[in-house]
Each structure stands twice: as C-alpha cells, then as structure tokens.
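# Analysis of the macromolecular model
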Amino acid sequence: LGSLHKVGENPQIREDLRQAHLAFTKGKVHTRFPPEPNGYLHIGHSRAIFVNFGYAAHHGGRCYLRYDDTNPEKEEARYFESILEMVRWLGYEPWKITYSSDNFQRLYELAVELIKRDKGYVCNCTPEQIKANRGGETRGPRIACAHRTRPISESLAEFEKMKNGEYKPAQAVLRMKQDLEDGNPQMWDVIAYRVLESPHHKTGAHWKIYPTYDFTHCLCDSFENITHSLCTTEFVASRQSYEWLCDAVEVYKPRQSEYGRLNIEGTVMSKRKILALVNEGYVTGWDDPRLYTLIALRRRGIPPGAIISFVSGLGVSTAGSNIQEARFDQSVRSYLESSAPRLLMVVSPLKVTIENMPDGEVVWVEKPLHPKVPELGTSRIPFAKHIYIDKEDFRTVDSKDYFRLAPNKTVGLFQGPHPITCTSVKTDSATGEVTELICRLEDGKDGKAPAKPKAFIQWVAEIPEVGSPVRVDEMRIFHRLFKSDNPSAAQPDFRADINSSSLEVVKGAMVEVGFWDLAKKAYEHAKGESMERTEKAKKSTGDGERVGDGTPVATSE
Ligand code: ATP
Ligand code: MG
Ligand code: MG
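Residues numbered from 1 in each chain as written. Chains lettered and ligands numbered in written order. Predicted model: local features only at pLDDT ≥ 70, side-chain atom pairs only at ≥ 80, totals over all residues.

What counts is decided by this rule: UniProt positions are given in the numbering used here, feature names are shortened, and annotations may be inferred rather than shown by experiment.
As annotated in an unreviewed UniProt entry, the chain is glutamine--tRNA ligase from Heliocybe sulcata. Taken from UniProt, the Sequence similarities (unreviewed entry) comment for the chain reads in full: "Belongs to the class-I aminoacyl-tRNA synthetase family." Reading the Catalytic activity (unreviewed entry) entry of the UniProt record for the chain gives the comment "tRNA(Gln) + L-glutamine + ATP = L-glutaminyl-tRNA(Gln) + AMP + diphosphate".

Given below as structure tokens:
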C-alpha cells in the first residue's frame, strides 16, 4: 500500500495510526522530558521540565521522563539518578520512566524497514567526504555519492555487517535517503545509525551500532504516543526530517512544537565548560553554589518553588530568553521575602561591654522571625553585659551623614532591649586597632529618656552558658563566578573571564542562639514544600497510574 502513495500520505494507514494512537491516549495530552543522561541538569532544563510536565499537568495529561541514552560514550549512572532526583525536587512525578535504549531492537527493525523501502542506504564515505558532499562549510551544491544508488540488497547486507561489528566507527553509516535538493540541511541524507565500540550501560556489548538523535527521537516519541513533542528552537530545522522519518516508516507521527531556550547571562551552562571548571579546581564540584546546575541552586538554598516561579514568570515563547543573573536573584528574593525567617548575625565581631549591666544578668528578648509575617513565629534571644557588634558598624570619627556607632554616639540594637551609647574605646597599643567598646545601656533608669536612634545594628550576646552566640567556623560568601555577562565570548576562552575572588571566606562570624533550631525548621520546611508539590503533581497526572522506582517499562504496547 505504502508504495502507491507519496511518503506518509496513504489515507487508510494514516487513519489506522490515528485510531491506534487515540486508543492509547484516550484524548489525553502526552508529553515527555527527554534529557540525555550525560550531565547534571541546569537552570535551562527547569524550563523544559516546566514546559513538559506543566503542560501535561495543566491538561490532566501525562508526562514521561525519557532518558535519551543512545550515546554510550558520554553517559554515566550518576547522571541518571540526579536527573530523576531533580525532576522530583522541582515537584514533578513522571508518569513513566523510559529509556530510548529500551527501543534498540524496535529501532533497528525500523532501520531495516527504511532500507527495504529504499529510503535508507549504507554509506561508506569518510566523514570528510560526507561533509563535502553535503555542500561543505559553505553549504554549496550537494553531491549524491555512489552508495546512494546501491541496490537495496547491498545496503541490507552492509547494514548487517555494521551490526555484526565488521566495521570500525566511521567506516560505514546508515543514512536516510531524503532530498538533497531541499533547502533544509536537515534533509540532506542525515545519518541514522553509526558504529560505536563503547559498551552501553543497559545493553552492554550487545549492540555495535547506535541510532542517532535524528533517528531515535521522533520514533521514540511515536512509540510513546506523544501528543505534543515540545523541544527548543534549535530543532526547528529538524522538524522536517522528524516528520519525514515517521512517514517513511509509516508510524504514528507526533506533532513537534518549539519553544525558546533559557539562558542566564554571566555564567556558563555547557557541560564541557562546567566539567573544566570542576576538574581544574575553579569550583568545588557540580553543586558549587556559584554554578547554575540545579544541584548547585539547591545547595545555595533556593527552594524549588522559587525556580518554578521564576521560569513560569518568564512565560514560554519561541524567542530565547537571556536573563541576567541579577534578575534571577531578584526573582528568588521576592519569592523568599515572605517565607524566610530573619536572624541576627555579626560577620566581623567587635566586643562591646555594657558598663551599667550587672555581671551575670541575662535579659531574654522575644522577637518576631519576620517583621511582617507573624505566622513565622518568634525566637528568644538573650542580652547581657558582653555583646558583639559588627566592626563595620563602628567608626572612631563621627560625621553628620553617619548614623551608626561612634564615640559618644547612640545607636539602636536591632530587636534589642534598649539603645547603647559608646562611652570609651579600647585600642591595641601596638597596632592602634579598636579592640573593645565600652557602652552605656540607655534603659532610662537614670531618668533621662534617650533620643530615638536613627539606626539599628545587628548584635549577639556572649553568654557561653546558654550557647550564645553560635560561632561560625567558616562562612562562604559567593560572588559572581565571571567578570562579564558573556564569559563564552572571552579570549582565548571562558577561563580568561573567571573572577578570581568569587569566593570570600570569613572566619569567626557569630549568629544568634536560635540558629540551629531555625536551620532545622528551614530544612523541614523546604522538604515539606517539595513533598507538597510532588503530591500535587501526582494527583494531576489524572489516573494516578505511574511507575516511579526507575525500573524500565515497556510503554508502547
Ligand atoms: P545541554 O547541552 O545544555 O545539556 P541539550 O540540548 O543537550 O542541553 P538535554 O540535556 O538532552 O539537552 O536536555 C533535555 C531537554 O531539555 C531537551 O528537550 C532540551 O531541548 C531541553 N533544554 C536543554 N537546555 C535548555 C535550555 N537552556 N532552555 C530550555 N530547554 C533546554
Ligand atoms: Mg543535555
Ligand atoms: Mg543533547
């Protein structure tokens, strides 16, 4: 039947495929998130996750997590695990977890079918010849090589030889017999199968040939009955060959639509570059908080809801988005604004002795954890004769536009009991450095009501008996990893743009005594939020049927 009609145009076959597809999907939206397990997911992927899982959830449909594992040379087990972990962290539960490699046999059979239909041929040209015949760098006129017209039987025999390991990589490839006259390079007989010698993580040494992205992607979408094949705009040109191949082997043809990539300016997201940063010690690992991998953002303390809120706020269009780091930070800040508890902290401590406080007296202050959100609760902090303030909040020389502490000046203690006035300063006789301040607590006991302070500074009390303050061995302040907005344009390469002081390490900082309780609470809160999102996502997959333990499942029968 197929041969009586132009590729893909047999109305009867079309209708049969449509019916079979409908019988499977029952009209529900089916999407997939198809990462190649060759690296950790980055912020850009969160848009792809949001688009695919979000679209399906919104329409009561289903979204697969499909590992596009057809390149054994680059894939590693740790990436598989991390990808699933991050999808779940963002609050989505795959309807099914699948692997392109589960379809290797079926894909192979379709490759044979392609040859039998005279729509594929084995080409023994060298990679250089193939490139030149496809018009070279200038995309000039295309030349059909001698293999293009070899008999079907010969291509079948050659493909068999490829499969049996009789060829080395690059000695033979299977190419689609498309249209060399077409204006679209993706139609110039793109490669369908190549010989690779690496063992595959799931199929071991069984296969010597592996399907390319161009061959695999559309057919796996078809097998899984994807209704909306959503991908980034660099695949616009591939859409034609995507459809060509589904038609050529007469399988259900999903519809591909494209959306723009998300890019953050001032950083790099390519795996090769991040790997170089890790291996060469510029960062401590793939989860270094200066990076934009999802594991790094998680480590930085950014809640998954903030990431989804950021990508959903950008909207989805075909235009790519170049977003400045500052805009991302701003978005995260406004997300955290109403949910993050506030703590007192002194980065660089300067000792203060309150002259009119008796030794051993402790005043407990109950303070809100958030100035505007009482539901976040309160923490109890102690105040006593010895406290610490930040060195930056004291100056020996006062001036009119300066409102914090100086000799004979009064300042408020943020959420503290009373303001303090500096009455004298102790200095190191050798260096002249200020070592301690003597202050008076303006508690009104002398009958004088203190003036209302113009500024309030952070402080912590020193009372070892109650564990105050919490001492921070090492505090890491992360600045931008690169100097410019476009590190990839730097000469000779992106390394030249690295900011050598992106990590600031501070020793000896101090935090209020409730820190550990709060840290625990914040952690529980983040966990709770993520679980809540997952529960919601599960419910929205419609019938609740899912396979979540990572076992491969057959999906197409
Ligand atoms: P990268 O090379 O950056 O890892 P990729 O194009 O190789 O990206 P995969 O790792 O295979 O992509 O990613 C799976 C899905 O995520 C694909 O559909 C891809 O288009 C999408 N994706 C990858 N990067 C981005 C991005 N920056 N913005 C939006 N979607 C992206
Ligand atoms: Mg990738
Ligand atoms: Mg890829």
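Having put the structure on the table, let's press on.
### Section: the packing of helix 4 (residues 104-116) against helix 7 (residues 213-223)
Rule in force here: Simply put, an axis is a line fit to the C-alpha atoms, just over the touching stretch for a helix, and the angle between two N-to-C directions goes from 0 to 180 degrees. Secondary structure elements are defined from DSSP: runs of H or I of at least 4 residues count as helices, runs of E of at least 2 residues count as strands, and each element is numbered from the N terminus. The cut-offs work like this: below 35 degrees is roughly parallel, past 145 is roughly antiparallel, 65 to 115 is roughly perpendicular, and the gaps in between are oblique. The hand of a helix crossing depends on one turn: near helix anticlockwise from the far one by less than a right angle means left-handed, and clockwise means right-handed. Our contact criterion uses C-beta atoms placed from the backbone: two residues qualify when those atoms are within 7 Å. Residues are sorted three ways: Asp, Glu, Lys and Arg are charged, Ala, Val, Leu, Ile, Met, Phe, Trp, Tyr, Cys and Pro are nonpolar, and all the rest, Gly among them, are polar.
The geometry of helix 4 relative to helix 7 is characterised by a closest axis approach of 11 Å and an angle of 110° between their N-to-C directions. Taken together, helix 4 and helix 7 sit at an angle that is classed as roughly perpendicular. Crossing of helix 4 over helix 7 shows right-handed handedness. Contact with helix 4, carried on its side by R106, L107 and L110, involves F215, T216, L219 and F223 of helix 7 and no other residues of that element. When the residues that make up the contact of helix 4 with helix 7 are grouped by side-chain class, the tally is five nonpolar, one polar and one charged.

### Focus: the domain arrangement of the chain
Spelled out, the test is: Each domain span listed reflects an automatic or database assignment of domains.
Considered domain by domain, the chain is made up of domain 1 (2-259), domain 2 (263-340 + 515-536) and domain 3 (345-468). A separation of 35 Å is found between the C-alpha centroids of domain 2 and domain 3.

### Focus: the environment of K454
Secondary-structure assignment places K454 in the loop between strand 19 (434-441) and strand 20 (456-457). For the pair formed by K454 and V411, sequence separation is 43 residues and the distance between their alpha carbons is 7.0 Å.

### Digging into the site of ligand 1
To be explicit about the condition: Any residue qualifies as near a molecule or strand once its backbone-derived C-beta atom lies within 6 Å of it.
Inspection of the region around ligand 1 gives 16 residues, with E36, G44, A48, T232 and R261 positioned closest. Breaking the shell around ligand 1 down by element, the ones donating at least two residues are helix 2 (43-58), strand 8 (228-232) and strand 10 (262-265). Looking at the shell around ligand 1, the element that brings in the most residues is helix 2, giving four residues. By residue class, the composition of the shell around ligand 1 is six nonpolar, five polar and five charged. Two domains each provide a minimum of three residues to the shell around ligand 1, namely domain 1 (2-259) and domain 2 (263-340 + 515-536).

### Section: the confidence of the model for the chain
Fine structural detail should not be taken from predicted coordinates in areas where pLDDT scores are low. Cut-off, in case you're wondering: A score between 0 and 100, pLDDT records how confident the predictor is in each residue.
In the predicted model, the chain carries a mean pLDDT of 91, and 94% of its residues have values of at least 70. Scored as a whole, the predicted complex attains pTM 0.87, and scored at its interfaces, ipTM 0.95.

### Looking at the sheet that holds strand 18 (residues 420-427)
Heads up, the condition is: Should DSSP find at least two bridges between two strands, the strands are taken to pair.
On the basis of which strands lie adjacent, the open sheet formed by seven strands has the order 20-17-18-19-13-16-21 and mixed pairing. Each edge of the open sheet is held by one strand with a lone partner, namely strand 20 and strand 21 (459-461). Bridge count for strand 18 against strand 19 is seven bridges, and the pairing is antiparallel. Within strand 19, the residue paired with I420 across the bridge is L441.

### Topic: the sheet that holds strand 5 (residues 173-176)
A sheet is described by the order of its strands in space; here four strands give the open sequence 4-5-6-7, paired in antiparallel fashion. Each edge of the sheet is formed by a strand with only one pairing partner; in this case those strands are strand 4 (120-123) and strand 7 (209-211). The sheet shows a mean angle of 20° between the axes of neighbouring strands, taken without regard to direction. Here three bridges tie strand 5 to strand 6 (residues 191-195), and the two strands are oriented antiparallel to one another. If you follow V173 over to strand 6, its bridge partner there is R194.

### Here's the deal with helix 6 (residues 152-163)
Stated formally: To estimate the expected span of a helix, count its residues, drop one, and scale the result by 1.5 Å. Counting other C-beta atoms within 10 Å of each residue's C-beta, where C-beta atoms are placed from the backbone, gives the exposure class: buried for 20 or more, exposed for 12 or fewer, partly exposed between. It is the directions from the helix axis to the C-beta atoms whose arc is reported.
With twelve residues, helix 6 should reach 16 Å at 1.5 Å per residue; the first-to-last C-alpha distance of 16 Å fits that figure. Buried within helix 6 we find S155, E158, F159 and M162. Viewed along the axis of helix 6, the buried residues span an arc of 100°, placing them on a single side of the element. Of the residues in helix 6, the exposed ones pointing more than 90 degrees away from the buried face are S153 and E160.

### Quick notes on the environment of M162
You can see M162 is positioned in helix 6. Ignoring sequence-local partners within four residues, the contact set of M162 consists of V122, Y167, A172, Y193, V195 and I209.

### Comments concerning the environment of A509
Along the polypeptide, A509 turns up in strand 23 (residues 503-511). C-alpha separation for the pair A509 and V470, spaced 39 residues apart in sequence, amounts to 8.6 Å. Among all residues touching A509, those that are not within four sequence positions of it are M345, V346, V347, V472 and M475.

### Regarding the nonpolar core
Put simply, the rule is: Put simply, a nonpolar core is buried Ala, Val, Leu, Ile, Met, Phe, Trp, Tyr and Cys residues tied into one set by C-beta atoms within 7 Å.
Counting 47 residues, the largest nonpolar core has I49, F53, V87, L90 and I307 as its most contacted members. Put simply, the parts of the chain that give this core at least two residues each are helix 2, strand 2 (62-67), helix 3 (77-89), strand 8, helix 9 (271-279), helix 10 (294-299) and helix 11 (304-314). A total of eight residues in this core trace back to one element, the largest contributor, which is helix 2. In terms of domain composition, this core takes at least three residues from each of domain 1 (2-259) and domain 2 (263-340 + 515-536). In this structure I49 touches F33, V87, L90 and Y92, once residues within four positions along its chain are discounted.

### As for the pairing of strand 2
Under the convention used in this document: For crossovers, right-handed means that the path from the first strand over the helix to the second runs clockwise, given strands pointing away from the viewer.
Summarising burial for strand 2: six of the six residues are buried, a large majority. Going residue by residue along strand 2, you find R62, Y64 and R66 tucked away on one face and C63, L65 and Y67 tucked away on the opposite face as well. Alignment of strand 1 (residues 30-33) against strand 2, held across four bridges, turns out to be parallel. Pairing of T31 across the sheet is with C63, part of strand 2. As defined by bridge partners, strand 2 adjoins strand 3 (residues 97-99) across three bridges and the pair is classed as parallel. Bridging from a neighbouring strand, Y67 pairs with Y99 of strand 3. Running through helix 3, the crossover from strand 2 to the neighbouring parallel element strand 3 is right-handed.

### Side note on unusual backbone geometry
Residue S468 is joined to P469 through a cis peptide bond whose omega torsion reads -5°. Turning to its location among the elements, P469 is positioned in the loop between strand 21 and strand 22 (470-478). That bond from Q491 to P492 is cis: its omega, -5°, falls within 30 degrees of zero. Relative to the helices and strands, P492 resides in the loop between strand 22 and strand 23. Positive phi, normally seen in glycine, also occurs at D189, with a value near 55°. Residue placement: D189 occurs in the loop between strand 5 and strand 6.

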